[in-house]
Amino acid sequence: MEIVASYNTDVGIRKKINQDSICLQMIEQNGYTITMAVVCDGMGGLEQGEIASATLIHSFTQWFDQRLPKLCESGLTFEQVQEDWKSLVLQTNELLIQYGKQQGKKLGTTVTAVFICDEYGMFVLHVGDCRLYELKQYIRQMTEDQTFVELQVKKGLITREQAREDPRQNIILQCVGDSSQIDLDMKLYPIKRDCTYVLCSDGFRHKISEEEIYTHLRPLELSTQNSIDQNIKYLVELCKERKEQDNISVIVIRTL
């Protein structure tokens, strides 16, 4: 399976600091293509969100560069990736909590991360309200927002339509760095050919619809690296034209 991927992160039109942090890494190991993509959104309501998101990204990239090659040599399994990533997030969470105590600050970050090993599958780790979408003949949200408004929808207290306009939609129930208790959402999915996977911070999806995401990032529109880059840039600029106030980040992975 061939994989083509790209990304874009933008500070946006209002904030002076980009509190989003992202990484996209790919290697060839034992005849397989391995891809890791991570989007972290530093909490704007807390202090030094950019430090929290960058610290977690550093933990993932360090794992990819130092730990993954050893796993590939000994026999890579998704169970081992899950165990490693759980430990990675919990250790980073404790590091951020201790740093916050020393600095007299509270800081945190959301995260959505995927690990893809060719045709074997895709492991997903998710905390907060960054999202992962799957686009084929449809668009499907693969992660569930860990937010107050999403909880109200699940309880039947408000409708999905009301949730889109609810002023409380930015209230996050889970993040890394703010509490010793984290609800890690971890799942394994089959990886599909001729498909697009989109990871994004919430700033990417506030002002554009899922229909617009699908129109510009569906597999049919992304036949080359250049088309991926152009369509990502178009949607980021569209967010800014519509006065999105947050940082904007997106990673697009196209399987062939």
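Residues numbered from 1 in each chain as written. Predicted model: local features only at pLDDT ≥ 70, side-chain atom pairs only at ≥ 80, totals over all residues. Heavy atoms only, no water.

Whenever I open this one, the sheet that holds strand β4 (residues 109–117) confuses me. Can you help?
Strands belonging to one sheet form pairs held by backbone hydrogen bonds; the direction of such a pair is parallel or antiparallel. Taken together, the five strands give an open sheet; going across it, the order is β2-β3-β4-β5-β8, and neighbouring strands pair in antiparallel fashion. If you trace the sheet from one side to the other, it starts and ends with β2 (20–29) and β8 (185–189), each paired once. Averaged over all neighbouring strand pairs, the angle between strand axes comes to 10 degrees, with direction disregarded. The strands that helix α2 (residues 78–103) touches are β3 (32–42), β4, β5 (121–127) and β8; relative to β5, the one it contacts most, it runs at about 20 degrees. (Pairing = 2+ DSSP bridges. Helix = DSSP H or I, 4+ residues; strand = E, 2+ residues; numbered from the N terminus. Axes fitted to C-alpha atoms, helices over the stretch in contact; angles between N-to-C directions. Contact = heavy atoms within 4.5 Å.)

In this structure, what is going on with the pairing of β3? I would like to understand it.
Regular strands have side chains that alternate between both faces of the sheet. In terms of burial, β3 is largely enclosed, as ten of its eleven residues are buried. Pairing of β2 with β3, which is carried by ten bridges, proceeds in the antiparallel orientation. Residue pairing for β3: isoleucine 22 is matched across the bridge by valine 39. A loop of two residues connects β2 with β3, the two strands running antiparallel in sequence, and asparagine 30 in this loop sits at a positive phi of about 55 degrees. (Buried < 20%, exposed > 50% of the residue type's maximum accessible area, 1.4 Å probe, protein only.)

Looking at this model, I keep getting lost on unusual backbone geometry. Mind explaining?
Working note: non-glycine residues mostly have negative phi, and peptide bonds are mostly trans. Look at aspartate 194: it is not a glycine, yet its phi comes out positive at around 50 degrees. Mapped onto the elements, aspartate 194 comes out in the loop between β8 and β9 (195–200). The residue lysine 243 is not glycine, and still its phi comes out positive at about 70 degrees.

Can you walk me through the environment of leucine 222 in this structure?
Within the secondary structure, leucine 222 sits in the loop between α5 (210–217) and α6 (225–241). The class for leucine 222 is buried, based on a relative accessible area of 1%. The spacing of leucine 222 and isoleucine 253 is 31 residues in sequence and 9.8 Å in space, taken between C-alpha atoms. Beyond its immediate chain neighbours, meaning those up to four positions away, leucine 222 contacts Thr196, His216, Leu217, Ser227, Ile228, Asn231, Val252 and Arg254.

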